[in-house]
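# Geometric and topological summary
The chain contents come next:
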Amino acid sequence: MTNGNNQEIFRNMEFKTKVAYCEIHGEYDSRCRLINYWTPCPQCQAVATEKRNEEQRISDERQKQERVRKLICNSELPTRFTDRTLDSFVADTPQKKRALSLASEYAEQFDDVLQTGRCALFIGRPGTGKTHLAAGIGLHLMNNGYSVRYTTVNRLIRRIRSTWSRASEETEQQAIAAFSRPALLILDEVGVQYGSEAEKISLFDVINERYENRMPTLLISNLDRNGVAEALGERVFDRLREDAGRVVAFDWESARHTTVMKAALDETNPKTSTTQQNAGSGVPCTAIAGD
Ligand SMILES: Nc1ncnc2c1ncn2[C@@H]1O[C@H](COP(=O)(O)OP(=O)(O)OP(=O)(O)O)[C@@H](O)[C@H]1O
Ligand SMILES: [Mg+2]
Ligand SMILES: [Zn+2]
């Protein structure tokens with residue numbers, strides 16, 4: 001009420017006006033409402049506001065880049081793949097176009113993916129770009145603020161197994177949580193080799209924990225669909241297929257041998273590239289290891 005009254009009084013106060021002079025912009029109309037407060041040059045004011053906005057924008061952008069850098073470091077995506085974006089994937093055949101389009105859709109509709117926990121499975125021959133496209137999805141997500149974790153099955157099992165030792169400072173639950181919490185888990189080299197039944201259970205624990213919390217997992221394997229089902233066991237495989245989980249088959253020649261791809265690889269090599277692909281390129285990670 002008092003505030004309203006004050007505003008009313010303020011509105012009814014009379015302006016005094018005069019022509020003032022700005023060193024830069026010349027004459028302008030200055031107004032005075034309060035004793036001895038004359039409005040400054042409007043053009044100088046506009047320039048100052050614009051400068052403040054620009055500084056704010058730069059500071060926001062820096063903070064965002066720093067957040068993305070930390071996400072990329074914490075994701076443990078191998079350095080080789082931190083510049084492998086969706087944009088740098090060469091889709092020169094209909095099959096590759098389809099794989100790229102499914103990967104892009106998964107990344108762009110990640111809000112929906114998170115609602116259902118929809119998983120994806122990239123299977124196929126070596127060198128066909130499975131890890132590249134998965135990294136592309138991961139980088140896209142991290143650029144949009146989502147947490148991502150990359151691991152191979154062997155590394156995941158090793159980390160969990162190391163908690164079984166008495167000397168371990170980490171509990172098994174903590175190790176499992178490290179893989180279950182990120183918005184997306186990329187699980188590479190599924191089916192490469194398994195150790196004991198107990199180790200297979202560790203993998204089940206992680207996938208099951210994510211499944212129960214509707215957290216999506218992206219699996220990558222050189223095996224075919226049946227091979228993956230066998231390697232993971234029916235219980236795990238069933239969980240992955242729920243909620244319209246997609247299988248993408250990478251069924252073409254290895255990029256490690258083709259000339260077109262070699263040219264593309266040279267272009268995406270940070271040492272020779274002239275184009276900055278994404279915020280992921282050349283991330284210095286050692287500084288925040290263990291964050
Ligand atoms: N379509 C593509 N466009 C650009 N680069 C590609 C393409 N396919 C593969 N590459 C590049 O070729 C190399 C091998 O690809 P990648 O490691 O993703 O294959 P992969 O299918 O994961 O193989 P593996 O099964 O052996 O792990 C990477 O450097 C990747 O960036
Ligand atoms: Mg790979
Ligand atoms: Zn001025």
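The chain has the name DNA replication protein DnaC in an unreviewed UniProt entry, where Propionivibrio dicarboxylicus is given as its organism.

### Here we look at the overall build of the chain
For the chain, the count of helices and strands is 11 helices and 7 strands. Burial status across the chain gives 28% buried among its 291 residues. Pairs at least 24 residues apart make up 76% of the contacts formed inside the chain by residues separated by at least 6 positions.

### Regarding the packing of helix H6 (residues 153-162) against helix H7 (residues 172-180)
Look at H6 against H7: their axes get within 8 Å of each other, and the N-to-C directions meet at 155 degrees. On the basis of their axis angle, the class for H6 and H7 is roughly antiparallel. Taken as a pair, H6 and H7 cross one another with a handedness that is right-handed. The residues of H7 that touch H6, namely those facing Leu156, Arg159 and Ile160, are Glu172, Ala175, Ile176 and Phe179. Tallied by class, the residues present in the contact of H6 with H7 amount to 5 nonpolar, no polar and 2 charged.

### Considerations on the site of ligand 1
Taken together, the neighbourhood of ligand 1 is formed by 19 residues, with Pro126, Gly129, Thr131, His132 and Ala255 sitting nearest. When contributions to the shell around ligand 1 are tallied by element, the ones reaching two or more residues are helix H5 (130-143) and helix H11 (259-268).

Calculation criteria
Residues numbered from 1 in each chain as written. Chains lettered and ligands numbered in written order. Predicted model: local features only at pLDDT ≥ 70, side-chain atom pairs only at ≥ 80, totals over all residues. Helix = DSSP H or I, 4+ residues; strand = E, 2+ residues; numbered from the N terminus. Buried ≥ 20, exposed ≤ 12 C-beta atoms within 10 Å, placed from the backbone. Contact = placed C-beta atoms within 7 Å. Axes fitted to C-alpha atoms, helices over the stretch in contact; angles between N-to-C directions. Parallel < 35°, antiparallel > 145°, perpendicular 65-115°, else oblique. Left-handed = near helix turned anticlockwise from the far one by under 90°. Nonpolar A, V, L, I, M, F, W, Y, C, P; charged D, E, K, R; others polar. Near = placed C-beta within 6 Å.

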